[in-house]
Amino acid sequence: MRLVVTHLVGAAMRRSMGMIGVLVRRGCMLRFERIGEDVSRQLWIAALVTLAVCALSGPAFGKDLPSVKIGAAGPFTGDLSKIGLDSLNAIRMAVDEANAEGGVAGRKIEIVVGDDAGDPARAVTVADKFAMDRSVLGVIGPMNSGAVNAALPTYQRAGLVIISQSATNPSLTERGYSVMHRICPRDDAQGPAAARFIAEELGAKTVYVIDDKGAYGQGLGDQVAAALEKAGVKVGRGQITPEDRDFSPILTKVKAAAPDLLYLALPNPAQAAALIKQAVGLGLRPKLMGGDGLKERDQLIAGAGGAAEGMYVTAIGRDIKDVPEAQKFIKAFEGKYGAMSIFSGQSYEATKLLIDAMRKAAGSDPLALTRASVLQAVHRTQGYRGILGFPISFDSKGDVLGASIYVFQVKGGDFVQVKEYPAWAR
Amino acid sequence: MEEMLAQLPQQVVNGLTLGSVYALLALGYSMVYGILKMLNFAHGDVLMVGAFTGWGILQLFAGSGSLTANPLIVVALMLVAAVASTGLLGGLIERFAYRPLRTSSRLAPLISALGVSIIIENVAMLLTGGRAKAYQTEMLIPPTWTIQAGGATVSATRLAIFASSIAIMLALDFAVSRTMLGKAMRAVSEDLDAAEYMGVRTSRVIAATFVMGSALAGVAGVMIGLYYMQVDFIMGFSAGLKAFTSAVLGGIGNVRGAMAGGIVLGLAESLGVLFVAPVYKDAIVFSVLIAALIAKPSGLLGERVRDRV
C-alpha cells in the first residue's frame, strides 16, 4: 500500500515537474524572441506551417502580405473570467467570419490575446505587449474601467485605437485620449437612469448604496447616489472590497438603516450573489437593484439560489435576443460556445466595427493599413449597423451615440426587460 | 448612537459566528506551532481545499433546486469528506515538505510552507478556472429558519456553525489534556529530544498533529463555505492570516488560547465596524493584535516563556 502511494505521488510529481519544465522552456523561448536572439529556425518552421495551412485550406490570402492583428484585452482569468471568456469567444467568431470573407483587403486577421484579469497593473503590461507588436492595428477592450484607465496612456503613446465593449466610467473619455472609444453608454447615463427608475417606478424613499471601491463600482455608486439625492431620496453609502467574502458587518449596518432598496454597484456578479444570500440569512429583504456588471445569469441568478428573484439591474445594451439582426449571431454563438453572457454581443459588435474600419482604412491598398489610418477610420464611424439594434456613431470624445439604458428584472430565473431610457446625447 | 445600539446585538452574533470559525482554524495553526515552533503558512490553503471538497460533495446531491438526500446526511458527508481530504493533505505536506527539513534551520520549513501554499493555490486556480463557486447553503438549511433574539436575527446556519465549533473545540481540548496522544503531544511540545529518549515516537506524534490540525481546517472550510455561501481559490490567504492572528492573540501554542483568540478576533472584526467603515475591518483586526501584543506580549492565555539555559 505504502509503496503504491509513494509510487503514485512520485509519478505525479515527476509529471508536474515535466510540465513546469515545459512551461519554463516556453517562457524562455518567448523571452528570447522578445530580445531578438536568433530564432530564425523557429520562424522558418512557422512560415512553412503558415504557408502549408494557407495552401491547403480557407480563402487565398495575399501570398506576400503579412496578416493584421487585433488585440483582445480583458479578464480571461480570475473572478471575472466567465464574462471575459464569453467576450473572447465572440471576438473569435467575428474574426473567423471576417477571415472567411477574405480578411482585410486580402490580409488575414489574427487575434492576440492579452489577459489582464481585470487588474489595472496587468492591463498596462498587456497594453505594452500590444504596443510593441507593430502588426497589432486595433484593440478590443480592455473591459473593466479600472483596466482601461490604467492602460490608456500606453495605448495613446502607441497610437493604437481601442474599442471597449463594457468600460462605463465617464472619466475615461474625458481625458482627451484620441485612441479611446467605447460602444457602451457611460455611467453618468446609467446612474441617473437607475435613480429615475428607483424614484419613479419603485417609489423608494430610502436607498442604501454599496460599492467595491473600484473605478467601476465606486463611479457608478457615486452617479446613482447623486441622482437619487437630486430626486429627494435619502441615500446611505457603504463600501466593501473586491476580496471580501463576509458581508455580515456591512449588512448589519444596512439592516439598521432599513432602506426600501439596496443598490449594489459591484462589478462581480458572484460576489453580489453571495452578498444577497447572506442578506437573507440576516432577515434582510429590501428591494434589490444593481448595475450592468451584475446582469449575468449563471453567476447572479443561479449563484444566489433564488434569492435574486425580483431584483432589478440596468444594462447598457438592449437584450439582443429581441433584435432581428442579431438572431443569426445568437444561434451561431450558442451553437458553438453555449449560453451568451452580458457582453458577448457587444464584443462581437465592437470587433466587426473595428474590422469594418480597417477595411475602410485599407481601401484597395492593403499596405495603406497603419495604426493611424485605422484610428481615423474608427473615429469617423457613422451609423454602423450591426447586431445591437441601433446605429453606432462616435462623438468627438469616443463615446457612443444613440444608445439606451435598459432596466431588467429577474423573473423565473432569467432577465426580463421592463424599461428603456435613452442615454441622453451630450 | 441609536443606530449603533441597534446594530450591537446583530454584530455580536456576527462576531461569535465568525469567531468560532476562526478559533477552529487557529487551533490547528497553534497545535503545529506548539510542537514544531513553525508557522504553517499553508494552513489557510488547507482550509480552502476542505471548503472545495465540501462543495464537491454538495454538488453530487444538488439537483435542480433541491437536494436528492436528507440534508443532515449531506452535511455529515461533506464534513467527513473534507476531514478526509484535508487530513490526508496535511499528512502529505508534513511528510514531503516539512519532515525532510526538520533538522535544518528555522527558516527552511517556513519557506517550504510558503511554497506549499503557493502550489496549492495555483493548482486550485487551474482546477476551478479561477472562478468563485456558490455554496447552496439554502438547500441544506432554509434561510428563513431564523430566531429573533434581543434585536438580532440568528439564522439556523449560524447556530449550527457556532454549536458544532464549540463542540469540536471542547473535544479537542479534552483530547489534548486527557488522552495518551495528547500527553505525547504535550511532551513533544515541551522538549522533542527528551520525549524521544523517553520512548515517545515523535515522528508519529508530529504527523498526527499535522493530520489533526489539517482536519480541523477542513471542518472550518466547510463551515466557512456554509457561512459565506461562496468559495474561491484565494480564500485561504485571508483565512490563514486570521488564523495566525488568532493564534498569536491567544498565546501561540496554547489550545485554549487559540479558541479565545479566535472568538476575540471575530468579535473585534464585527464590533469594530460600529465605529469605522466596514472596509477597514481587516485593519481593525490587526490593530487589536498589535494593541494586545504591546499590552501582553505572550498573548491572552500564553505563559511567559522562560529562557532555557
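Residues numbered from 1 in each chain as written. Chains lettered and ligands numbered in written order. Predicted model: local features only at pLDDT ≥ 70, side-chain atom pairs only at ≥ 80, totals over all residues. Heavy atoms only, no water.

## As for the overall build of chain B
And then number 1: Assigned secondary structure in chain B consists of twelve helices and four strands.
And then number 2: Computed over its C-alpha atoms, the radius of gyration of chain B comes to 19 Å, within 12% of the 19 Å expected for a compact globule of 309 residues.
And then number 3: Taken along its principal axes, the extent of the C-alpha atoms in chain B is 60 × 45 × 35 Å.
And then number 4: Looking at chain B residue by residue over its 309 residues, the buried ones come to 50%.
And then number 5: Put simply, 78% of the contacts in chain B that link residues at least 6 apart link residues at least 24 apart.
And then number 6: Accessible area for chain B stands at about 14000 Å²; split by element, carbon and sulfur atoms hold 69% of it.
And then number 7: The average position of the 20 basic charges and that of the 16 acidic charges among the side chains of chain B differ by 8 Å. (Helix = DSSP H or I, 4+ residues; strand = E, 2+ residues; numbered from the N terminus. Rg over C-alpha atoms; globule rule 2.2 N^0.38 Å. Buried < 20%, exposed > 50% of the residue type's maximum accessible area, 1.4 Å probe, protein only. Contact = heavy atoms within 4.5 Å. Areas by Shrake-Rupley, 256 points an atom, 1.4 Å probe, with all protein chains shown as cover. Lys, Arg positive; Asp, Glu negative; His and termini not counted. Charge placed at Lys NZ, Arg CZ, Asp CG, Glu CD.)

## Observations concerning the interface of chain B and chain A
And then number 1: Listed per partner, the contact involves 32 residues of chain B and 32 residues of chain A.
And then number 2: With both chains or domains summed, chain B and chain A bury close to 2800 Å², and 58% of this area falls on carbon and sulfur atoms.
And then number 3: If you look at where chain B meets chain A, you find three salt bridges.
And then number 4: Glu138(B) is paired through a salt bridge with Lys277(A); the nearest N and O atoms lie 3.4 Å apart. (Buried area = accessible area lost by both parts, 1.4 Å probe. Salt bridge = Lys/Arg side-chain N within 4 Å of Asp/Glu carboxyl O.)

## Some remarks on the side chain of Ser341(A)
Residues and elements named next belong to chain A.
And then number 1: Turning to its location among the elements, Ser 341 is positioned in the loop between helix H11 (327-337) and helix H12 (344-362).
And then number 2: Of the polar contacts made by the side chain of Ser 341, one reaches the side chain of Asp 86; its length is 2.7 Å.
And then number 3: Setting aside anything within four residues of it in sequence, one finds Ser 341 in contact with Lys 82, Ile 83, Asp 86 and Glu 296. (Polar contact = N/O pair within 3.5 Å; in protein donor to acceptor, adjacent residues only side chain to side chain.)

## Let's talk about helix H1 (residues 2-36) of chain B
Residue and element names in this part refer to chain B.
And then number 1: Over its 35 residues, H1 runs 49 Å from end to end, which matches the ideal 51 Å to within 8%, given 1.5 Å per residue.
And then number 2: Among the 35 residues in H1, 25 count as buried, and that is most of the element.
And then number 3: Where H1 terminates, the next one or two residues include Lys 37, which has phi positive at roughly 55°. (Expected span 1.5 Å × (residues − 1).)

## With respect to a nonpolar patch on the surface
And then number 1: A surface patch of nonpolar side chains, about 280 Å² in accessible area, is lined by Leu88(B), Leu92(B) and Phe96(B).
And then number 2: With respect to the secondary-structure elements, Leu88(B) resides in helix H3 (residues 71-98). (Patch = residues over 30% accessible without salt bridge, like charges linked within 9 Å, V, L, I, M, F, W, Y side chains within 5 Å.)

## Quick look at a negative patch on the surface
And then number 1: Judged by side-chain charge, Glu190(B), Asp191(B), Asp193(B) and Glu196(B) come together as a negatively charged surface patch.
And then number 2: If you trace the backbone, Asp191(B) turns up in the loop between helix H7 (180-190) and helix H8 (192-197).

## Remarks on the packing of aromatic side chains
All names here are of chain A.
And then number 1: Applying the stated criterion to the full structure yields eight aromatic pairs over all chains.
And then number 2: Measuring from centroid to centroid gives 5.2 Å for Phe 333 and Tyr 337, while their planes differ by 55°, and the two rings are tilted. In this pair, Phe 333 and Tyr 337 are both assigned in helix H11, four residues apart and thus about one turn of the helix distant.
And then number 3: In this structure Phe 333 comes out as buried when scored by relative accessible area, which is 0%. (Phe/Tyr/Trp six-rings, centres within 6.5 Å; stacked < 30°, edge-to-face > 60°.)

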